[in-house]
Amino acid sequence: MSARWITGSVLLALALTACSGKAGVPPAAPYAAPGATSAGDPLMPGGGDGGYDVQHYDLDLRITPGGRPALAGTATITATATQALSRFNMDLTGLNVGKVTVGGVPATYTRTPGKLVVTPPKPIARGRFTVGVAYSGTPRAVNDHTLGRYGWIRTGDGIFTGDEPDGAHTWFPSNDHPSDKATFGFRITVPSGLNAVANGRLTGTSKSATSVTYSWQARDPMATYLAMVDVGRFKVRSGRTPGGVPVYVAVDPAVDADGLAALYDQTVKVTDAWAKLFGPYPFDSTGAVVDDAPVQFALETQTRPEYVAAMAAIPTVVAHELSHQWFGDSVTVTRWSDIWLNEGFATYAEWMWGEREDPRDTVQHQFDGRYAQTRSDDLWKVPPAAPGRTGLFGRSVYERGAMTLHALRKKVGDQRFFAILRAWTAEHRYGNATTPQFIALAQQVSGMDLHRLFQVWLYDQGRPVNW
Ligand code: ARG
Ligand code: ZN
């Protein structure tokens, strides 16, 4: 499942095939070449891989939070080769790799920074293949000077994973770029007394004398940065929203003794409210996880956002993370520079939730307050659709992104605005999309020329004045 926009090695393979044709040698079999060594995303240099498209990750992991190693397991990856492959890369940082197999047959591999390079004994033909990677180690959190701390993080009684944008490959081998979405299965074995929460539906638990195994299935396509495993002691409440969506909320009672009921209710309310406004809820479950990871963010992990206790208690934060289930999770960016398609939309949802709770706290008021800031560096210097790596999760992406949507709403009117949002979530459900695709859709649904509006709000420096 992917929408890749740069396929250097495919071009190379075509060029080579053409040459052998010229020399009069009929190309007996498609020429096998190495897969591209990155997804070609300028904001995440080196991240992601080419030549194949992952369909499914099956992660069978034993997690011992205080142990060394803390993690041991096998990743079985089903993918489609989009070219004949002599070798291919997967993203993987740290950890020890044991056996690697391709189609069940042992393959050789090397490690380069951030990569596992796999060479199968015979080239892989175009089409379906499987890779098995046995590995172990103690993953390390990423500490980035602009993106902060993320990835695999120790909590008081377990571990938390919050991977946006590229922390996933510190704990499982993957094509760690949002353009390659896949379904996931998790089998997480933890010491007795601990719980393991992941994305999707809990499909089974089994016990041994010293451990418990939790199986989770995420049956809808998911970007790697939205995959999550959270291990610890949890109080759990499950049920169903009035709209019919299964709910699973897990809260670590040591960090939030009595927040469970309120968070459960807020999750139910928001899930159903957004389904009315944005289109049917995209996934087979909703929920939340609250833990004590020392991170500065909440994260819209698919079907089950992650919060620290202080954030879980804020209704607009829950409204923000759940809106991402439509904007970000179901409709996913193809490249990181379009991140306003996630954060601008989720911030706008946050403003709309605020207005529902307190009609005096209007969206217009949120817009006006920011527009009045004539000298706000980040807002007017950083164009939300070209934020660069340092602006990826900065104010312009979130706030000027949301202001862009408000400017659009005022221009086209409420009815057309919400029709655009619903068309967006329907047309790109479970897929990937870009800013130009959003602009094209907005123009198509409204029948209006919106070129200038998007130009000044998304791409130009400076505070927009006429649109
Ligand atoms: N997507 C998250 C949100 O809803 C932000 C994630 C930030 N990631 C990071 N490494 N700082 O706001
Ligand atoms: Zn967000």
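See the structure above.
Residues numbered from 1 in each chain as written. Chains lettered and ligands numbered in written order. Predicted model: local features only at pLDDT ≥ 70, side-chain atom pairs only at ≥ 80, totals over all residues. Heavy atoms only, no water.

A. Representation of the overall build of the protein chain within the structure. Secondary structure assignment for the protein chain yields eleven helices and 22 strands. Over its C-alpha atoms the protein chain spans a radius of gyration of 23 Å, differing by no more than 12% from the 23 Å that the globule rule assigns to 467 residues. For the protein chain, the spread of C-alpha atoms along the three principal axes comes to 70 × 65 × 40 Å. Per-residue burial over the protein chain gives 57% buried out of 467 residues. Within the protein chain, contacts between residues at least 6 apart in sequence are counted, and of these 68% link residues at least 24 apart. (Helix = DSSP H or I, 4+ residues; strand = E, 2+ residues; numbered from the N terminus. Rg over C-alpha atoms; globule rule 2.2 N^0.38 Å. Buried < 20%, exposed > 50% of the residue type's maximum accessible area, 1.4 Å probe, protein only. Contact = heavy atoms within 4.5 Å.)

B. Layout of helix α4 (residues 315-323). With seven of nine residues buried, α4 lies mostly within the body of the structure. Elements that come into contact with the buried residues of α4 comprise α2 (260-278), β19 (286-290), β20 (306-307), α3 (309-312), α5 (340-357) and α8 (395-412).

C. Here's a closer look at the sheet that holds β20. Spatially, the four strands line up as an open sheet ordered β17-β18-β19-β20, and their pairing is mixed. Single-partner strands in this sheet number two, and they are β17 (235-240) and β20. In this sheet, strand β18 (residues 246-251) lies alongside β17 in antiparallel orientation, the contact comprising six bridges. If you follow Lys-235 over to β18, its bridge partner there is Val-251. (Pairing = 2+ DSSP bridges.)

D. Fine view of the site of ligand 1. Contacts to ligand 1 come from 13 residues, most closely from Leu-147, Glu-164, Glu-300, Glu-343 and Tyr-398. With respect to ligand 1, the backbone of Leu-147 contributes an N or O atom lying 2.8 Å from a nitrogen atom. Contact distances for ligand 1 include 2.7 Å between an oxygen atom and a side-chain N or O atom of Tyr-398. Residue composition of the shell around ligand 1, by class: seven nonpolar, two polar and four charged. (Near = heavy atom within 4 Å. Polar contact = N/O pair within 3.5 Å; in protein donor to acceptor, adjacent residues only side chain to side chain. Nonpolar A, V, L, I, M, F, W, Y, C, P; charged D, E, K, R; others polar.)

E. Here's a closer look at the environment of Tyr-31. With respect to the element layout, Tyr-31 can be found in the loop between α1 (8-22) and β1 (52-63). Residue classification places Tyr-31 among the partly exposed positions, given a relative accessible area of 44%.

F. Inspection of helix α10 (residues 435-446) at higher detail. The first and last C-alpha atoms of α10 sit 16 Å apart over twelve residues, in line with the 16 Å expected at 1.5 Å per residue. Looking at α10, one finds that the buried residues are Thr-435, Phe-438, Ile-439, Leu-441, Ala-442 and Ser-446. Across the axial projection of α10, the buried residues extend over an arc of 165°, all falling on one side. Of the surrounding elements, those touching the buried residues of α10 are α5, α8, α9 (414-427) and α11 (451-459). Directly after α10, the chain includes Gly-447, whose backbone phi takes a positive value near 65°. (Expected span 1.5 Å × (residues − 1). Arc of directions from axis to C-beta.)

G. Representation of the coordination of the zinc ion (ligand 2). Around the zinc ion (ligand 2), the protein contributes the donor atoms His-320 (NE2), His-324 (NE2) and Glu-343 (OE), which lie 1.9 to 2.0 Å from the metal centre. Coordination at the zinc ion (ligand 2) is tetrahedral: its four donor atoms span angles of 99 to 134° at the metal. Every donor residue of the zinc ion (ligand 2) comes from the same chain, spaced as H-x3-H-x18-E. Highlighted residues: His-324 in the loop between α4 and β21 (332-333) and Glu-343 in helix α5, separated in sequence by 19 residues. (Donors = N, O, S within 2.8 Å, 3.2 Å for Na, K, Ca; no water. Tetrahedral: all angles 85-135°; square planar, octahedral: opposite > 155°, others 65-115°.)

H. Spotlight on the packing of α5 against α8. Axis separation between α5 and α8 bottoms out at 7 Å; the angle between their running directions is 70°. Classified by the interaxial angle, the pair formed by α5 and α8 is roughly perpendicular. For the pair α5 and α8, contact is made by Trp-340, Glu-343, Gly-344, Phe-345, Thr-347, Tyr-348, Trp-351 and Met-352 and by Val-397, Tyr-398, Glu-399, Gly-401, Ala-402, Met-403, Thr-404, Leu-405, His-406 and Arg-409, respectively. (Axes fitted to C-alpha atoms, helices over the stretch in contact; angles between N-to-C directions. Parallel < 35°, antiparallel > 145°, perpendicular 65-115°, else oblique.)

I. Representation of the pairing of strand β7 (residues 115-119). Of all five residues in β7, four are buried; the element is thus mostly enclosed. In the sheet, strand β3 (residues 88-91) pairs with β7 via four bridges, with the strands oriented antiparallel. Bridge pairing in β7 places Met-90 opposite Leu-116. With five bridges connecting them, strand β6 (residues 108-112) and β7 associate as antiparallel partners. Paired with Thr-112 across the strands is Lys-115, a residue of β7. Between the antiparallel neighbours β6 and β7 lie two residues, among them Gly-114 with a positive phi of about 80°.

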